[in-house]
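One-letter residues, chain by chain:
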Amino acid sequence: QVQLVESGGGLAQAGGSLRLSCAASGRTFNSYYMAWFRRAPGKERELVATINWGGVSTYYAVSVKGRFTISRDNAKNMVYLQMNSLKPEDTAVYYCAAKSSVVGEYRDWGQGTQVTVSS
């Protein structure tokens, strides 16, 4: 199990950038698969991006591909989401999540950080 704390959210203008950070505690962080999810008001939770334990394999939702980049620094127990060319529809609470296996659900979650993009 890992504890996750997100930071870096805030207000941005359309076309701008934000970088989200997720600090993880736990000795085995470098073996976890990590992801960013988001939930916009009145909408279902959406998977935004994932990254494998080594940081080599990534996945992006179609809605963010080419604009967002997920990365990790296992030495610092950190995961990042660089968000460029932001759009108003990116407005949501963003959550960091972790799981210990490539299969199965994400079981460890952060408290979320609000991202608001104005037009």
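Residues numbered from 1 in each chain as written. Predicted model: local features only at pLDDT ≥ 70, side-chain atom pairs only at ≥ 80, totals over all residues. Heavy atoms only, no water.

**Here we look at the nonpolar core**
Step number 1: In terms of nonpolar packing, the biggest core is built from 30 residues, with M34, W36, L81, M83 and Y94 touching the most fellow members.
Step number 2: Contributions of two or more residues to this core are made by β3 (18–25), β4 (33–39), β5 (45–51), β7 (68–73), β8 (78–83), β9 (92–99) and β11 (113–118).
Step number 3: Discounting chain neighbours no more than four positions away, the residues touching Y94 are E6, L20, W36, F37, R38, V48, F68, L81, M83, G112, T113 and V115. (Core = buried A, V, L, I, M, F, W, Y, C linked by side-chain atoms within 4.5 Å. Buried < 20%, exposed > 50% of the residue type's maximum accessible area, 1.4 Å probe, protein only. Helix = DSSP H or I, 4+ residues; strand = E, 2+ residues; numbered from the N terminus. Contact = heavy atoms within 4.5 Å.)

**Observations regarding the pairing of β7**
Step number 1: The alternating pattern of β7 places F68, I70 and R72 on a buried face, while none of T69, S71 and D73, on the opposite face, is buried.
Step number 2: As paired elements, β7 and β8 share 6 bridges and run antiparallel to each other. Counterpart to T69 in the pairing with β8 is Q82.
Step number 3: Linking two consecutive strands that pair antiparallel, namely β7 and β8, is a turn of 4 residues; a positive phi of about 55° is found at N77 within it. (Pairing = 2+ DSSP bridges.)

**What about the pattern of salt bridges?**
Step number 1: What the rule picks out here adds up to 3 salt bridges.
Step number 2: In this structure, R38 engages E46 in a salt bridge whose closest nitrogen and oxygen atoms are separated by 2.8 Å.
Step number 3: Between D90 and R38 there is a salt bridge, with its nearest N and O atoms 2.9 Å apart. Taken as a pair, D90 in the loop between β8 and β9 and R38 in strand β4 lie far apart in primary sequence, 52 residues in all. Each member of the pair, D90 as well as R38, is classed as buried.
Step number 4: Here the salt bridges do not stand alone but share partners, grouping R38, E46, R67 and D90 into one network. (Salt bridge = Lys/Arg side-chain N within 4 Å of Asp/Glu carboxyl O.)

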